[in-house]
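Below are the chains, spelled out letter by letter.
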Amino acid sequence: MLIQPRILKGFRDSLPEQEIEKSALIKNLVKTFESFGFVPIDTPALELTEVLLGKGGGETDKQMYRFQDKGKRDVSMRFDLTVPFARYMAQHYSEIYLPFKRYHIAKVWRGENTQRGRYREFFQCDFDMVGVDSASSDFEILMMMKASLSALGVDKATIHINHRGIFNRFLNHLGLAEKSVEVLRMVDKLTKIGREKVLQGLSEYTEKDKAELILDFIVAEDSFEKTLKKMCRLAGGPGEDSQRMEDIWAMAKELELQEGIILNPSITRGLDYYTGLVYETFLDELPGLGSVCSGGRYNNLASLYSKEELPGVGASVGLDRLLAGLDEINKNNLRKSLTDVIIFNMDPPLSGQYHKMAQQLRKQGIRCEVYPAKKKLQGQFKFAEQKDIPLGIICGVQEMETGTLNLKDLKNRESWESISLAEAIEKIIAFLDREII
RNA sequence: GUGAAUGUAGUUCAGCUGGUAGAGCGUCAGAUUGUGGUUCUGAUUGUCGCGGGUUCAAGUCCCGUCAUUCACCCCA
């Protein structure tokens, strides 16, 4: 009896073309992160539940993959990279300098219901800066979000930012501090269910006039400045928090990065450890997909594990969700392999020669392979096509004797006949520069 | 976790009120192009997601289950 090959709900296999695309994106992200002076770290996939859960409970608890290990320890799979990072910082505090800027690209697991762009196992690409609480660091994260998105080839996206501090002051001002959780939850639905319904929902928690005020507060004006001004007015005047926003915006203007960034007072959610600025990013063409890159400032995350004050700010790219989105927007022309040249097997006794030729190509940085068996040329062409290999070398006995070969552009079916290996290498390199990204 | 929709050849789909499954594309073989894009001829494929039930008879009705998608919840 055969075992049926299958995988768990929300978990996915990755075919070569998908994995090639994904690892190329990761490579670009790493390059971007490192260009900002961020360093890589890693943490275990499995940790003690008490470490990951903190004092929390709530939603996190429900979504964690939690079980008892063979030593009867209560353990859980990490469900994000930020909480393990907090533990990491507390544990390695003495070995680390501040401010510490790290990136971490790894899988996380959440046992929630699946949907498009929502999986139970997915990659997060976190970048955080801890040890400082400054406008400069908040802005740097914002810059990196933009840089990361463009490194990923996403040009149509909007980053929404907001400051929780201003909102809290506003709620205090209204005397609604205790209801903040409920209010925030309602507010967050603005774009989804619309003005009227939010108003209706809010009325359950407070008087009508206050609900109107809240609604007024969360609707963005037509410019960053105007929105901020209104928020300040409603929150009882400017403060440290609004000053922070102003500073960040000033820097954005200085670098001409305002495009694609908006101050959106209705963005409030995010995990409950955020204390200041919060970021969320939506694809312009697929806002329903949810945020593809979000984060914020958390000024006491490590307090669970350490007495040290460790303010931090960071964000996370949801790589798998983003990929789901990109695939939907522009059926990416995925490559099924990264081979540049295939050397066809015209005559098996020449195999040694073929491998020698391949080695010479590799020395020039050309990725190549030798067709490993005797087969009709037509079949070999078919193979090359399935593997998306752009160039082929045809070299039979006669060519070998005269020291020449035929190089063929497999897609356009044009060939350069009877050229030397050196000439072929030149042509291959020129071709790849032109055709391959 | 709650509510709903969908699940038919590799793929996109058809299959009306129940009567033992079909098309395009693809794939494969042969012929013809000096080394495959054309053309011609022929061929191929399905536990109708899975498991039960109703019925003389189920892809078609009922129940369960799994997966996907949508909404809620939450989030990347």
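This is a predicted model, so every value here is computed, not measured.

Caption draft 1: Geometry of the overall build of chain A. Counting its secondary structure elements, chain A contains 17 helices and 16 strands. Taken along the three principal axes of its C-alpha coordinates, chain A extends 90 × 55 × 45 Å. For chain A, the residues scored as buried account for 49% of the 437 residues in total. In chain A, the share of contacts with a sequence separation of at least 24, taken over all contacts with a separation of at least 6, comes to 68%. Side chains of chain A carry 60 positive and 64 negative charges; the gap between the two charge centres is 5 Å.

Caption draft 2: Region of interest: helix H15 (residues 377-386). What H15 keeps buried is the set Gly379, Gln380 and Ala384. Along the long axis of H15, the arc covered by the buried residues comes to 145°, so they all point the same way. Among the exposed residues of H15, those oriented more than 90 degrees off its buried face are Gln378 and Gln386. Considering only its buried residues, H15 is in contact with strand E12 (341-343). In the stretch just after H15, Asp388 is the one whose phi turns positive, near 55°.

Caption draft 3: Summary view of the environment of Asp74. Locating Asp74 in the fold gives a position in strand E4 (residues 74-77). For the pair formed by Asp74 and Leu48, sequence separation is 26 residues and the distance between their alpha carbons is 6.0 Å. Aside from chain neighbours lying at most four places away, what touches Asp74 is Leu48, Thr49, Arg66 and Phe67. In terms of polar contacts, Asp74 uses its side chain to reach the side chain of Thr49, at 2.8 Å. Among the polar contacts listed, one links the side chain of Asp74 to the side chain of Arg66, at a separation of 2.5 Å.

Caption draft 4: The confidence of the model for chain A, seen in detail. Taken as a whole, chain A shows an average pLDDT of 88; of its residues, 96% reach a score of 70 or greater. Least confident of the elements in chain A is helix H3 (residues 58-63), whose mean pLDDT is 76; most confident is strand E1 (residues 39-40), at 97.

Caption draft 5: A look at the sheet that holds strand E2 (residues 46-48). If you trace the three strands from one edge of the open sheet to the other, you get E2-E4-E3, paired in antiparallel fashion. Here the strands that pair on one side only, and so sit at the sheet edges, are E2 and strand E3 (66-68). Mean inter-strand twist for the sheet, computed between neighbouring axes without regard to direction, equals 35°. Pairing of E3 with E4 involves three bridges; the strand directions are antiparallel. Opposite Phe67, over in E4, you have Val75 as the bridge partner.

Caption draft 6: Geometry of the sheet that holds strand E16 (residues 414-419). If you walk across this open sheet you meet the five strands as E13-E12-E14-E15-E16, and the pairing is mixed. Of all the strands in the sheet, the pair left with one neighbour each is strand E13 (368-370) and E16. In this sheet, neighbouring strand axes are inclined to one another by 20° on average, regardless of whether the strands run parallel or antiparallel. As paired elements, strand E15 (residues 405-409) and E16 share four bridges and run antiparallel to each other. Each residue of the ladder has a partner; that of Leu407, found in E16, is Trp416. Here helix H14 (residues 351-363) sits on the sheet in contact with E12, E13, strand E14 (391-394) and E15, set at roughly 175° to E13.

Rules behind the numbers
Residues numbered from 1 in each chain as written. Chains lettered and ligands numbered in written order. Predicted model: local features only at pLDDT ≥ 70, side-chain atom pairs only at ≥ 80, totals over all residues. Heavy atoms only, no water. Helix = DSSP H or I, 4+ residues; strand = E, 2+ residues; numbered from the N terminus. Buried < 20%, exposed > 50% of the residue type's maximum accessible area, 1.4 Å probe, protein only. Contact = heavy atoms within 4.5 Å. Lys, Arg positive; Asp, Glu negative; His and termini not counted. Charge placed at Lys NZ, Arg CZ, Asp CG, Glu CD. Arc of directions from axis to C-beta. Polar contact = N/O pair within 3.5 Å; in protein donor to acceptor, adjacent residues only side chain to side chain. pLDDT = per-residue confidence, 0-100. Pairing = 2+ DSSP bridges. Axes fitted to C-alpha atoms, helices over the stretch in contact; angles between N-to-C directions.

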